[in-house]
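Residue-level structural notes
Listed below, chain by chain, are the residues.
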Amino acid sequence: MRLVIHADYEKASRWAASYIADKIKNYKKGPFVLGLPTGSSPIGIYKELVRLCKEGKLSFKNVRTFNMDEYAGLSADHPQSYHYFMMDNLFNHIDIDRRHIHILDGMAKDREKECLLYEEAIAKEGGIELFLGGMGSDGHIAFNEPGSSLTSRTRIKTLTEETINANSRFFDGDPAKVPHTALTVGVGTVMDAREVMIIVNGRNKARALRAVIEEGVNHMWTLSCLQMHPKAIIVCDEDATEELKVGTVRYFKDIEKENII
């Protein structure tokens, strides 16, 4: 596992976006399949990717995307749906073919079938080349809450009170308005990607980052699964490292010094 530590969120986001852009531009094996998250963590990355695209330095014409999750019961045009979020923050501003965008349907009548078809669609594209993600303050990835199986696949998931309360800021601060279930890729789905990149920022993520990096693999901190991935990278800001050992921070800063901006 790599850990690239930047001074602040802006620099971490810019570096991560540049890394993704280089992967897309240098990929020669066919369509580049990119996994994407929602939430506040990737917004800085999306802004930078949009800038690169508008300046003619990056094209998404050869990119296929699969999003991590969607709230159950929210239509694509609901302001708090992840469909809406992705259109507003990324897809409406880049040159991607809309037919190549894949997001789970929260309004699907048969949600179990929707999850199964999503896994099949990923497989049909040849798997995900790079999966970008964020991390919850309890160490979860996508909506794989603490206790989720580390071999889980795309499925319906009940959300914890902590996640509901954290996401209530997007629903007028009212937890009662937040859907209590979601459709989400599984930990195993993420781990199948040939490369995984996680963006982590803020002191509120420091405890989870310590558990993910310095403790063992544990389904109570689902992102700790990255310890078993052959090509995983966490990009973070200084604030997120506050609970890491001094030696851990020094080690990663030393070996990644050429990647720090």
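Everything discussed here concerns the structure shown above.
These remarks concern the structure in this document. Predicted model, so just to flag it, every value in this text is computed and none were measured.

Reading the values: the criteria
- Residues numbered from 1 in each chain as written.
- Predicted model: local features only at pLDDT ≥ 70, side-chain atom pairs only at ≥ 80, totals over all residues.
- Heavy atoms only, no water.
- Axes fitted to C-alpha atoms, helices over the stretch in contact; angles between N-to-C directions.
- Helix = DSSP H or I, 4+ residues; strand = E, 2+ residues; numbered from the N terminus.
- Parallel < 35°, antiparallel > 145°, perpendicular 65-115°, else oblique.
- Left-handed = near helix turned anticlockwise from the far one by under 90°.
- Contact = heavy atoms within 4.5 Å.
- Nonpolar A, V, L, I, M, F, W, Y, C, P; charged D, E, K, R; others polar.
- Core = buried A, V, L, I, M, F, W, Y, C linked by side-chain atoms within 4.5 Å.
- Buried < 20%, exposed > 50% of the residue type's maximum accessible area, 1.4 Å probe, protein only.

**Examining the packing of helix α1 (residues 9-26) against helix α2 (residues 43-54)**
- Interaxial distance between α1 and α2 falls to 8 Å at its minimum, and their mutual angle equals 50 degrees. Considering their axes alone, α1 and α2 lie oblique with respect to each other. In terms of crossing hand, the pair formed by α1 and α2 is right-handed. Listed contacts from α2 to Y9, S13, R14, A16, A17, I20 and A21 of α1 are I43, G44, I45, E48, L49 and L52.
- Counted by class, the contact of α1 with α2 contains nine nonpolar, two polar and two charged residues.

**Re the nonpolar core**
- One finds L3, M135, I198, V200, L209, I213 and I234 to be the most contacted residues of the largest nonpolar core, which totals 40 residues.
- Among the secondary structure elements, those contributing two or more residues to this core are β1 (2-6), α4 (111-124), α6 (187-191), β9 (195-200), α7 (206-214), β10 (232-237) and α8 (246-255).
- Sort the elements by how many residues they give to this core and α7 lands first, with five residues.
- Not counting residues up to four positions away in its chain, the partners in contact with L3 are I213, I234, C236, L244, F252 and E256.
- Formed by 36 residues, the second largest nonpolar core is a distinct cluster that contains W15, I24, L90 and L130.

**What about unusual backbone geometry?**
- For A142, which is not glycine, the phi torsion reads 55 degrees and is therefore positive.
- Examined against the element boundaries, A142 turns out to sit in the loop between β6 (130-134) and β7 (155-158).
- A positive phi is found at D172, a non-glycine position, where the angle reads about 60 degrees.
- Along the polypeptide, D172 turns up in the loop between α5 (161-167) and β8 (181-184).

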